[in-house]
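# Observations on the three-dimensional arrangement
Residue-level listing of the chains:
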Amino acid sequence: MQTKEIAIIGGGIAGLTLAVSLRNTRFKCHIFEKNAEFKEIGAAISVFPNALRVLRQYGLLNDILNVGGAITKICMKTDQGKILAQTEPRYQLPAMCLHRADLHAILLKHTDATFYANHELNAFQSTPDGKVSVSFKNGVFRIFDAVIGADGLHSVVRQGIIGDGKPIFRGYNIWRGIAESNIDIGYASESYGKGKRVGIVPIRNGQFGWWTTVNEKFKESDEPEETKQKLLRLFADWHDPIPELISKTDHIIKNSLSDRIPVSGWSKGNCTLLGDAAHPTMPTLGQGGCIAIEGAYILGEIIKKYGVTESVFQRYESLHYHRAKSIIEDSLQLGKIGQLENSMAVYLRNLLMGLTPSSFTLKVVDKYFLYDVTSMKI
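The paragraphs below set out a description of the structure included in this document.

In terms of helices and strands, the protein carries 11 helices and 18 strands. Taking 2.2 N^0.38 as the reference for a compact globule, 378 residues should give roughly 21 Å; the C-alpha atoms of the protein span a radius of gyration of 21 Å, in line with that estimate. Looking at the 378 residues of the protein, the share that counts as buried comes to 54%. Of the contacts formed within the protein by residues at least 6 apart in sequence, a portion of 75% connects residues at least 24 apart. With the model as given, the accessible surface of the protein reaches about 16,500 Å², and the carbon-plus-sulfur share is 52%. Treating the 44 positive side-chain charges of the protein as one cloud and the 38 negative ones as another, the clouds have centres 4 Å apart.

Encoded structure:
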């Protein structure tokens with residue numbers, strides 16, 4: 001059968017996972033990245049059982065297990081370290097945390113796509129014969145059988161398909177980093193204060209991923225005191241090892257947290273959206289990367305079975321949209337609860353957390369972890 005040429009805009013986790021799913025098929029992937037290198041930022045990422053099922057299907061499970069750390073317990077704490085609730089997820093596959101760069105490198109290794117760095121998308125347009133013309137800001141012009149917009153939160157492809165403008169800032173910023181320490185935690189934790197949160201996840205060999213959130217203005221500057229000094233001030237009286245992990249981090253990344261209101265209509269002609277370009281979510285549940293992997297699986301399987309047409313892409317959306325929408329909405333609401341500032345609201349939140357049975361918490365977690373996209377009828 002004739003080879004079909006697919007342009008994937010964006011060389012992140014979503015686009016690479018799709019390319020892995022289409023390796024050794026008649027669908028040739030060309031991945032375009034606007035940056036000079038194909039790499040990921042220095043932060044941790046959660047790969048929960050629902051995403052691991054996909055990666056196992058592609059033969060990547062051992063690679064993931066070799067570079068990550070398994071979460072065997074999750075603790076919810078106050079800013080002073082009092083345990084409010086804890087749960088011990090037990091599933092056939094583990095809940096893993098690893099360096100984003102390691103996951104990215106594993107996916108890169110297992111693709112047979114052609115890669116193009118320094119290719120920032122300028123425009124794309126359907127042609128009369130059902131193909132898609134694509135132009136880049138460096139002057140390159142190409143024709144493809146299909147275009148997949150996997151270009152993230154600020155997706156150019158999304159603006160050409162949906163046109164819903166800028167993402168919605170949700171009132172708080174996040175700092176992320178990875179630190180090495182000889183502390184013996186062995187579990188994941190999330191700690192809650194007034195308008196502030198801290199999460200810690202063990203990776204491996206004494207490496208810990210951490211993140212902090214603070215209610216403040218969009219893209220508020222950390223100057224003049226500099227990022228690390230600001231965080232050490234804001235979290236100076238929080239429980240160990242939070243100040244230590246911040247102080248031992250060489251590179252701290254800051255972002256203003258934004259998402260979008262879930263909307264359907266991801267496809268136009270032979271173009272569709274994938275990952276954060278389709279369904280950006282707040283990081284509260286740690287499912288952003290996971291549902292990107294799930295979506296890439298659905299899209300890859302449906303392309304292999306039916307080809308690349310607008311109706312095929314609409315079927316992909318129908319199979320993935322409601323799951324993604326639910327996670328976006330749940331993440332947004334849980335984030336709002338975590339960022340409460342009012343003293344009485346904080347007291348009631350912590351009280352309710354302490355009164356919630358771990359069996360109930362596990363049932364909530366099951367909704368995300370037990371989902372098996374690989375058993376879906378495509």
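Before going further, it helps to examine the sheet that holds strand β14 (residues 188-192). Taken together, seven strands build an open sheet; the order of strands is β6-β5-β14-β15-β16-β13-β17 and the sheet is mixed. Edge strands, defined here as strands with exactly one partner in the open sheet, are β6 (83-87) and β17 (253-259). Neighbour-to-neighbour, the strand axes of this sheet turn through a mean angle of 20 degrees, independent of strand direction.

With that settled, consider the sheet that holds strand β12 (residues 146-149). Strand-to-strand pairing in sheets goes through backbone hydrogen bonds, with the strands running parallel or antiparallel. Spatially, β8-β2-β1-β12-β18 is the arrangement adopted by the five strands of the open sheet, whose pairing is parallel. The open sheet has two edge strands, β8 (114-116) and β18 (271-273), and neither has a second partner. Each strand of the sheet is rotated relative to its neighbour by a mean of 20 degrees, with strand direction disregarded. As judged from the six bridges shared by strand β1 (residues 4-9) and strand β2 (residues 27-32), these two strands associate in the parallel manner. Residue pairing for β2: I6 is matched across the bridge by C29. Lying on the sheet, helix α1 (residues 13-21) is in contact with β1, β2, β8 and β12; it crosses β2 at an angle near 160 degrees.

Here we come to the packing of aromatic side chains. Per the counting criterion, the structure on display carries 11 aromatic pairs. Ring pairing ties together the aromatic residues F32, Y116, F136 and F144, which thus form one cluster. The ring of Y187 has K73 lying over it, and the distance from NZ or CZ to the ring centre is 5.3 Å. Across the ring face of Y371, the terminal group of R323 is positioned such that the distance to the ring centre comes to 3.9 Å.

Among the surface-exposed residues, M344, Y347, L348, L351 and L355 lie close enough to one another that they form a single nonpolar patch of about 530 Å² accessible area. Following the sequence through the fold, L348 ends up in helix α10 (residues 343-355).

Thresholds applied
- Residues numbered from 1 in each chain as written.
- Predicted model: local features only at pLDDT ≥ 70, side-chain atom pairs only at ≥ 80, totals over all residues.
- Heavy atoms only, no water.
- Helix = DSSP H or I, 4+ residues; strand = E, 2+ residues; numbered from the N terminus.
- Rg over C-alpha atoms; globule rule 2.2 N^0.38 Å.
- Buried < 20%, exposed > 50% of the residue type's maximum accessible area, 1.4 Å probe, protein only.
- Contact = heavy atoms within 4.5 Å.
- Areas by Shrake-Rupley, 256 points an atom, 1.4 Å probe, with all protein chains shown as cover.
- Lys, Arg positive; Asp, Glu negative; His and termini not counted.
- Charge placed at Lys NZ, Arg CZ, Asp CG, Glu CD.
- Pairing = 2+ DSSP bridges.
- Axes fitted to C-alpha atoms, helices over the stretch in contact; angles between N-to-C directions.
- Phe/Tyr/Trp six-rings, centres within 6.5 Å; stacked < 30°, edge-to-face > 60°.
- Lys NZ or Arg CZ within 6 Å of the ring centre and 35° of its normal.
- Patch = residues over 30% accessible without salt bridge, like charges linked within 9 Å, V, L, I, M, F, W, Y side chains within 5 Å.
- Salt bridge = Lys/Arg side-chain N within 4 Å of Asp/Glu carboxyl O.

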